[in-house]
Amino acid sequence: MRALTLVADRKLEIAELPTPPPPAAGEVQIRVRAMALNHIDVWGWRGMAFVRRKLPLVVGAEAAGEIVAVGPDVAGLVAGDRVVMYASLTCGRCRACREGRDNLCENVTGVMGFHVDGFARELLNMPAGFVIPVPDKVSVRDAACAPITFATVEHMLFDNARLESGETILVHAGGSGIGSVAIKMAKAIGCTVITTVGDDVKAERARALGADHVINYRADRFEHLVRKITAKRGVDVVFEHVGAETFNGSLLALARGGRLVTCGSTSGPTTTLNLMQLFQRQYRIIGSFGASMRNIRTSLAKMAAGLSPVIDTEVALDDIEKGLARLESRQVFGKIVVHF
């Protein structure tokens, strides 16, 4: 069985691993068909000193496939079903898990593809509780973008920021995988969307997605233009995932009582805050990590209703390093999907 393994920093190899045994009770066996790349894959590929893991490691944290075998005591899933998989190894027993807030599990043991072996292999066995069926109208390629990309945005915008129709939102990095989805999700409920991008080509593509205002952050101070666009009021919500480069400007772009939701720090993990500004303008800053399985189901339903991901590039498994390099370069617009 072929698997893509990380053997050292920035070094991936195709390995031959033993075919998994028939699925045990409560498990299904899945043939992986497509995998979507995320910054967590880039970080793992580059090497993260604070992560405890053992190499070689099978990579891949977001994927879709089809069930080829079902173990005893599995209900609701059969061979031939197309599915996506939940990559966080949650306990299913703590209060957060029981309440459907899986990404707040108190006993999570790791993220597949980052801490433990992931989805970049032809076959794997998974507990049926971590497997979610894909609607008929959704392609496997698009479904591969649901467990992290779509679900992360769903969780950020609606569980955490409580975005509502008619509000104005600033979406950073509108050409990124989650940024492009955030534009589409916000427009779908009738929001005014302002987005930032790094060049004029991306600006045109962001407008084509429906963004009402596009700011080239390399040419202009985005916070100044946001204040001008909103007649000095500011935006109701900032969708933040860039980090240190944009965080304080994002606060300046908020309206009084506005909400900033953040899930990333690709430009750096630390910043300073003006606490008087924070409490006088009554900002709400919300950290958001991952998503719940409920968010994945909702994301797949939105895909089935016509809200598709933006695909930048599709590559074969053997060419995954090209995809990772493209994602790292920030030249990407949308998602990079790897096919098996």
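Everything in this summary refers to the structure shown in the same document. What you see as residue numbers is a count from 1 along each chain, following the sequence as written. Where totals are concerned, whole chains, interfaces and linings use all residues; where local detail is concerned, this predicted model gives features only for residues with pLDDT of at least 70, and gives and counts side-chain atom pairs only at 80 or more. Water and hydrogen atoms were dropped before computing side-chain values, which therefore reflect all heavy atoms in the structure.

The next thing to look at is the overall build of the protein chain. Secondary structure elements follow DSSP: runs of H or I of four or more residues count as helices, runs of E of two or more count as strands, with numbering from the N terminus. Secondary structure summary: the protein chain contains 11 helices and 16 strands in total. Radius of gyration (C-alpha) of the protein chain: 20 Å, near the 20 Å computed for a compact globule of 340 residues. In terms of its C-alpha atoms, the protein chain occupies a principal-axis envelope of roughly 60 × 40 × 35 Å. Here's how the labels work: a residue is buried when its accessible area is under 20% of the maximum for its type, exposed when over 50%, partly exposed in between, all with a 1.4 Å probe on protein chains only. The proportion of buried residues among the 340 residues of the protein chain is 53%. Taking as baseline every contact in the protein chain between residues at least 6 positions apart, the subset at least 24 positions apart corresponds to 70%. Accessible area for the protein chain stands at about 14,900 Å²; split by element, carbon and sulfur atoms hold 52% of it. Every radius of gyration here is taken over C-alpha atoms, with the globule rule written as 2.2 Å times N^0.38, N being the number of residues. Should any heavy atoms of two residues lie within 4.5 Å, those residues are considered in contact. Reported accessibility uses the Shrake-Rupley method at a 1.4 Å probe radius. Residues are deemed covered only where the shown protein chains occlude them.

Moving on: helix α11 (residues 320-329). Burial in α11 covers these residues: Ile320, Gly323, Leu324 and Leu327. Viewed along the axis of α11, the buried residues span an arc of 100 degrees, placing them on a single side of the element. Packing partners of the buried residues in α11 comprise β1 (2-8), β2 (11-16), β3 (27-36), α1 (39-46), β15 (311-316) and β16 (335-339). Within two residues after α11, Arg330 carries a phi angle of roughly 70 degrees, on the positive side. Each C-beta atom gives one direction from the helix axis, and the arc is the one those directions make.

Below, the discussion takes up the packing of aromatic side chains. Aromatic pairing here means that ring centres of Phe, Tyr or Trp (its six-membered ring) are within 6.5 Å. Orientation follows from the plane angle: under 30 degrees is stacked, over 60 is edge-to-face, and everything else is tilted. Under the defined criterion, the tally for this structure stands at 1 aromatic pair. Measuring from ring centre to ring centre gives 6.4 Å for Tyr86 and Phe130, while their planes differ by 50 degrees; the resulting arrangement is tilted. A residue pair is termed long-range when its members are at least 10 positions apart, and Tyr86 in the loop between β6 (82-85) and α2 (95-98) and Phe130 in the loop between β7 (123-127) and β8 (131-133) qualify at 44 residues. Judged by its relative accessible area of 4%, Tyr86 is buried.

Only one rule defines a salt bridge in this text: a Lys or Arg side-chain nitrogen within 4 Å of an Asp or Glu carboxyl oxygen. Within this structure, the stated rule accounts for 19 salt bridges. We note a salt bridge from Lys11 to Glu13, for which the minimum N-O separation is 3.8 Å. Judged by its relative accessible area of 36%, Glu13 falls in the partly exposed class. Between Glu99 and Arg101 there is a salt bridge whose closest N-O contact spans 2.6 Å. When its relative accessible area of 34% is taken as the criterion, Arg101 is described as partly exposed.

Take the pairing of β2 next. Relative to β2, β1 runs antiparallel, the two sharing 6 bridges. Looking at the pairing, Thr5 lines up with Glu13 of β2. Strands were regarded as paired on the criterion that DSSP finds at least two bridges between them.

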